[in-house]
Amino acid sequence: MGLRGAGRVVHGGNLRSVGFDEKNLHREEKIVLDLHPHWITLGPSVLLLVAVTVFGGWVIWGWDPTGTTGTVVRWITAIAVIGSLLYFLVEWAKWVSTNFVVTTDRCIYREGLISKRGIEIPHDRINTVFFEQGFFDRIVRAGTLMIESAGENGMQTFENVRNPIRVQQALYQEMEDNEN
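Attention in this report is confined to the structure presented alongside it. Keep in mind the model is a prediction, meaning the values are calculated, not measured. (Residues numbered from 1 in each chain as written. Predicted model: local features only at pLDDT ≥ 70, side-chain atom pairs only at ≥ 80, totals over all residues. Heavy atoms only, no water.)

1. Quick look at the sheet that holds strand β7 (residues 142–149)
Strands sit in the order β6-β7-β8 across an open sheet of three strands; the sheet is antiparallel. Among the strands making up the open sheet, the edge pair consists of β6 (126–132) and β8 (155–162). Between one strand axis and the next, the sheet turns by 20 degrees as a mean value, whatever way the strands run. As defined by bridge partners, β7 adjoins β8 across six bridges and the pair is classed as antiparallel. In the strand pairing of β8, Glu-148 is matched with Met-155. Across the sheet, helix α4 (residues 164–179) is in contact with β6, β7 and β8; its angle to β6 comes to roughly 170 degrees. (Pairing = 2+ DSSP bridges. Helix = DSSP H or I, 4+ residues; strand = E, 2+ residues; numbered from the N terminus. Axes fitted to C-alpha atoms, helices over the stretch in contact; angles between N-to-C directions. Contact = heavy atoms within 4.5 Å.)

2. Focus: unusual backbone geometry
One non-glycine residue, Arg-141, lies in positive phi territory at about 60 degrees. The residue Arg-141 is located in the loop between α3 (135–140) and β7 in this model. One non-glycine residue, Asn-160, lies in the positive phi region at around 55 degrees. Here Asn-160 is to be found in strand β8.

3. Section: the pairing of strand β3 (residues 99–103)
Among the five residues in β3, five count as buried, and that is most of the element. Bridge count between strand β2 (residues 31–35) and β3: four bridges; the pairing is antiparallel. From the neighbouring strand, Leu-33 faces β3, where its bridge partner is Val-102. Alignment of β3 against strand β4 (residues 106–111), held across four bridges, turns out to be antiparallel. For Val-101, the partnering residue across the bridge sits in β4 and is Ile-108. (Buried < 20%, exposed > 50% of the residue type's maximum accessible area, 1.4 Å probe, protein only.)

4. Brief notes about helix α1 (residues 43–62)
In an α-helix there are 3.6 residues to a turn, and that puts residues three or four apart on one side. In this model, α1 (20 residues) spans 27 Å end to end at C-alpha, consistent with the 28 Å of a helix rising 1.5 Å per residue. Within α1 the residues assigned to the buried category are Gly-43, Ser-45, Leu-49, Val-52, Gly-56, Gly-57 and Val-59. Looking at the packing, one finds that the buried side of α1 touches α2 (67–96). (Expected span 1.5 Å × (residues − 1).)

Set out below in structure tokens:
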């Protein structure tokens, strides 16, 4: 059982896409799911980039102010377009460098390009897996996944998870397989 469009997923032993580095796995451990955050994470930066670019196009080709006002408006618009492009690139880099991985032994979350942050939760330490999906989340198949574990931090929350119901099922399946 795989998740379409959800990063790398094992389909009968075949892997697609590039994601979590398998050198970080334990002996005999296999990747079940390797997901980036849902694409909706990039939504605000994409909308800002499109809006500012459309406005910039209008300023350049559709509006013809003369003199100093025109020059100032064009410079401000150019700076806004470059700024929104940089904002999008930063958000995209965060998206690409974030992985939510379910393996046969544990649940792994890693994020960061320059400095890394992550958490690993062994399946035998997971007590309960919760998910939340609002109306819009259900339409785009995104949601928040909460994992309650027998650790110091107790509850971990992961936002903008792709298809959280299927991820919850995969986690419970791996937990059951580990018990057996």
